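Here is how the chains run, residue by residue.
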Amino acid sequence: MLTIDQATYDAIVAHAKRDHPDEACGIVAGPEGSDRPERFIEMINAAGSPTFYEFDSTDLLQLYKEMDANDEEPVIVYHSHTATEAYPSRTDIGLAMEPNAHYVLVSTREHGPEEGPVEFRSFRIVDGEVTEEEISIVATLS
C-alpha cells in the first residue's frame, strides 16, 4: 500500500494538470528503507511529449547524487498519461528500474488542465510484473 500525504498528492495532480497536454514526471524521495514519500521533486519531461516521458539525464544524475548524500531513495516515481488510462504502458514497464518504488500514474484524459477529478493509481513494477496497490491519502505522514 502507498501512504501519501494530501499535500504531496495535490502537488502531483497539479503538476500533471499544469503540463497537460504533455506528460508530467517526477520523483518523491524519502529516507532509505522507510517507504515514506517526503520530498517532492518535480522534473522536466525532456521528451516534451504527450505520449512519452523522459527524465533529463543531467537532472536525474544530480538528483541521485542529492538523494545519495541525504540517505534517500525514490519512494514514488510518477508521471501522467494525457489521453489514456492511468496504467503502465509497455514502455513504462520497460523503464521501471526501481524495484522498491511506487509507480504512480495520473490520467488527465477526462478534464485536461481544467478543474475536475483525475485518475490516480499506484503500482509496483518488479521484473516486468505490474501489481496495482491501494493508496491511502492522509493529512500528514506521522
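These remarks concern the structure in this document.

Observations concerning the sheet that holds strand β2 (residues 25-31)
- Strand order in the open sheet formed by 6 strands is β3-β2-β4-β5-β6-β7, with mixed pairing between adjacent strands. Each end of this open sheet is capped by a strand with a single partner; those strands are β3 (39-43) and β7 (129-133). Pairs of neighbouring strands in the sheet enclose a mean axial angle of 30 degrees, with direction left out of account.
- Note that β2 and strand β4 (residues 72-81) share 7 bridges and pair antiparallel. Bridge pairing in β4 places P31 opposite E72.
- Running at roughly 5 degrees to β3, helix α1 (residues 6-19) makes contact with β2, β3, β4, β5 (102-107) and β6 (119-126) of the sheet.
- Its contacts with the sheet place helix α2 (residues 57-69) against β2, β3 and β4, and it is angled at close to 170 degrees to β3.

Quick notes on the pattern of salt bridges
- Counted according to the given criterion, the structure contains 10 salt bridges.
- When the shortest N-O distance is used, the salt bridge between E42 and R18 registers 2.5 Å. Here R18 lies in helix α1 and E42 lies in strand β3, a separation of 24 residues in the sequence.
- Judged by its relative accessible area of 40%, E42 falls in the partly exposed class.

What about the nonpolar core?
- Counting 17 residues, the largest nonpolar core has I27, I41, M43, F55, L63, V77 and Y103 as its most contacted members.
- When contributions to this core are tallied by element, the ones reaching two or more residues are β2, β3, α2, β5 and β6.
- No other element matches β2, which puts 3 residues into this core.
- Leaving out residues up to four positions away in the same chain, V77 has contacts with G26, I27, Y53, F55, A101, H102, Y103 and V104.

A few points about the packing of aromatic side chains
- For the structure on display, the rule yields 4 aromatic pairs.
- A centroid spacing of 5.5 Å and a plane angle of 80 degrees characterise the contact between Y53 and F55, whose relative ring orientation is edge-to-face. For the pair Y53 and F55, a shared accessibility class is recorded, and that class is buried.

Parameters and conventions
- Residues numbered from 1 in each chain as written.
- Predicted model: local features only at pLDDT ≥ 70, side-chain atom pairs only at ≥ 80, totals over all residues.
- Heavy atoms only, no water.
- Pairing = 2+ DSSP bridges.
- Helix = DSSP H or I, 4+ residues; strand = E, 2+ residues; numbered from the N terminus.
- Axes fitted to C-alpha atoms, helices over the stretch in contact; angles between N-to-C directions.
- Contact = heavy atoms within 4.5 Å.
- Salt bridge = Lys/Arg side-chain N within 4 Å of Asp/Glu carboxyl O.
- Buried < 20%, exposed > 50% of the residue type's maximum accessible area, 1.4 Å probe, protein only.
- Core = buried A, V, L, I, M, F, W, Y, C linked by side-chain atoms within 4.5 Å.
- Phe/Tyr/Trp six-rings, centres within 6.5 Å; stacked < 30°, edge-to-face > 60°.

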